Amino acid sequence: MKTRRVRVGNVPIGGGTSVSVQSMTNTNTTDISATREQIRRLENVGCDIVRIAVPSHDSVKTFGEIKKQVSIPLVADIHFDYTLALAAMDAGADKIRINPGNIGKSAHLRAIVEKAVGCKIPIRIGVNSGSIEKSILLAEGGPTVSALVASALKHATLLQDMGATDLVLSLKSSDVINTVNAYRKISKQSDLPLHLGVTEAGTRRTGTIKSSVALGILLAEGIGDTLRVSLTGDPVEEVNVGLQILRSLRLRSRGINLISCPTCGRTQVDMVPIAEQVEQRLSHLTAPLTVAVMGCEVNGPGEAREADVGVACGRQSALLFKKGEVVRKIKEQDIVEQLVEEAEAMAELWERQ
Ligand code: SF4
């Protein structure tokens, strides 16, 4: 179902706009400089929206300070205490994320809704498999797909009856199949924009795989308006993975598309660190460039020729390709530097266009 559109600061969500990538800071919100620096790093790699935990009144104050120092839209993540949500909106939050089930009294929820409507701030109803209300768990026989959907729809109706218009829904499970089925089910029953994610997905490796499978299936089916990849680790990696999922599905072209071979017995350079360094050093670029790092002459020249810029390695050396042509031969120790230089120069030209 085509979703409605809401705006989080200057970033639209839903209604057919491009899928935005979110992450969440893992610094202490009361540490203004550490949180601001992490937000800058997230912004630099292409994050569209940043969520910040606001667990106390001290952190609301610093949230407001941080908001003044960054330009990216900020979401205040609130649990239990409705006064924190009210204060976060006063402090400039661009969106509020709540789980209505743990806010408690209906009067408290109504106060949040009224303020959000008055300030034109969207609310995300974040339902997690670990915190579905007891009545629904009993009725559905546990934290099933139907329970997740029932909980999200119940809260959405409740908030809409209170006057909320700009809502976003998330129904996160730590189980990939349940996540996929929950979003599939709700997308047939609601036109509210959907925030995709697998909750508690795990470490960098496990979380990347689980999120890529779940989000990949959903996005390929046209479900999902914004996403967060949850990883136990540096949130910058969440953005890298989120963008890569979107790039793989051709839903976003921003940034480097790195083609690199797995290496094999034919490789005659130390390829793994070369590919990793190139990827890391080009991660700040926004230009949609394909960069190839290939290990030998079997598939190397073909892939490097197809890329915007690339290398096909040989014996302790590589041929550098640009736009399909061999430009020069370079020594192994110069591969990273020269490939990065060429890609950055191309990116600069693209920026100027
Ligand atoms: Fe092996 Fe060459 Fe293929 Fe890389 S490109 S995996 S080095 S055959």
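Check the entry above for the structure.
Quick caveat, the model's predicted, so the values are computed rather than measured.

1. Considerations on the site of the ligand
Next, step 1: Around the ligand, a shell composed of Cys261, Pro262, Thr263, Cys264, Arg266, Thr267, Met294, Gly295, Cys296, Val298 and Asn299 is seen.
Next, step 2: Grouping the amino acids of the shell around the ligand by side-chain chemistry returns six nonpolar, four polar and one charged.

2. With respect to the state of the cysteines
Next, step 1: Counting across every chain of the model gives zero disulfides.
Next, step 2: We note that Cys313 lacks a disulfide partner, and the nearest cysteine sulfur, in Cys261, lies 7.9 Å from it.

3. Observations concerning the sheet that holds strand β5 (residues 74-77)
Next, step 1: Read across the open sheet, the eight strands follow the order β8-β7-β6-β5-β4-β3-β10-β9; overall the sheet is parallel. Where the open sheet ends on each side, the last strands, each with one partner, are β8 (167-172) and β9 (195-196).
Next, step 2: In this structure, β5 lies alongside strand β6 (residues 95-98), joined through three bridges in parallel fashion. From the neighbouring strand, Val75 faces β6, where its bridge partner is Lys95.

4. As for the environment of Ile52
Next, step 1: Note on placement: Ile52 falls in strand β4 (residues 49-53).
Next, step 2: Overall, Ile52 belongs to the buried group, its relative accessible area being 0%.

5. Considerations on the packing of helix α10 (residues 271-281) against helix α12 (residues 335-352)
Next, step 1: Put simply, α10 and α12 touch, their axes get as near as 10 Å, and they point 30 degrees apart. Between α10 and α12, the crossing angle belongs to the class labelled roughly parallel. Viewed along their axes, α10 and α12 form a crossing whose handedness is right-handed. On the side of α10, the interface is formed by Ile274, Gln277, Val278 and Arg281, while α12 contributes Ile335, Val336, Glu337, Leu339, Val340 and Glu344.
Next, step 2: Per-class residue counts for the contact of α10 with α12 are six nonpolar, one polar and three charged.

6. What to know about the pattern of salt bridges
Next, step 1: Counted under the stated rule, the structure contains 19 salt bridges.
Next, step 2: We note a salt bridge from Arg328 to Glu342, for which the minimum N-O separation is 2.9 Å. Placement of Arg328 in strand β15 (residues 325-331) and of Glu342 in helix α12 is noted, with a sequence separation of 14 residues between them.
Next, step 3: Its relative accessible area of 31% is what places Arg328 among the partly exposed residues.
Next, step 4: One salt-bridge network, in which partners are shared between bridges, spans Arg36, Glu37 and Arg40.

7. Thoughts on helix α8 (residues 204-220)
Next, step 1: With 17 residues, α8 extends 23 Å from end C-alpha to end C-alpha; this agrees with the ideal 24 Å at 1.5 Å per step.
Next, step 2: Of all the residues in α8, the buried ones are Gly207, Ser211, Ala214, Leu215, Gly216, Leu218 and Leu219.
Next, step 3: Residues of α8 that are buried sit in contact with α7 (176-189), β9, β10 (226-228) and α9 (235-248).
Next, step 4: Within two residues after α8, Gly222 carries a phi angle of roughly 85 degrees, on the positive side.

8. What to know about the side chain of Lys95
Next, step 1: As for its placement among the helices and strands, Lys95 is situated in strand β6.
Next, step 2: Although Lys95 is buried, it makes no salt bridge; Asp77 carries the closest opposite charge, 9.3 Å away.
Next, step 3: Among residues more than four places away in sequence, those in contact with Lys95 are Val8, Ile13, Gln22, Leu74, Val75, Ala76, Ile121, Pro122, Arg124, Val168 and His195.

9. Re the sheet that holds strand β13 (residues 309-314)
Next, step 1: Taken in spatial order, the five strands line up as β11-β12-β13-β14-β15 in an open sheet, and their pairing is mixed. What marks the edges here is a single partner per strand, and that holds for β11 (257-260) and β15. Across the sheet, the axes of successive neighbouring strands diverge by a mean angle of 20 degrees, strand direction being ignored.
Next, step 2: Contacts between α12 and the sheet are confined to β12 (290-294), β13, β14 (317-322) and β15, with β13 contributing the most and set at about 165 degrees to the helix.

Reading guide: rules and limits
Residues numbered from 1 in each chain as written. Predicted model: local features only at pLDDT ≥ 70, side-chain atom pairs only at ≥ 80, totals over all residues. Heavy atoms only, no water. Near = heavy atom within 4 Å. Nonpolar A, V, L, I, M, F, W, Y, C, P; charged D, E, K, R; others polar. Disulfide = S-S within 2.5 Å. Pairing = 2+ DSSP bridges. Helix = DSSP H or I, 4+ residues; strand = E, 2+ residues; numbered from the N terminus. Buried < 20%, exposed > 50% of the residue type's maximum accessible area, 1.4 Å probe, protein only. Axes fitted to C-alpha atoms, helices over the stretch in contact; angles between N-to-C directions. Parallel < 35°, antiparallel > 145°, perpendicular 65-115°, else oblique. Left-handed = near helix turned anticlockwise from the far one by under 90°. Contact = heavy atoms within 4.5 Å. Salt bridge = Lys/Arg side-chain N within 4 Å of Asp/Glu carboxyl O. Expected span 1.5 Å × (residues − 1). Lys, Arg positive; Asp, Glu negative; His and termini not counted.

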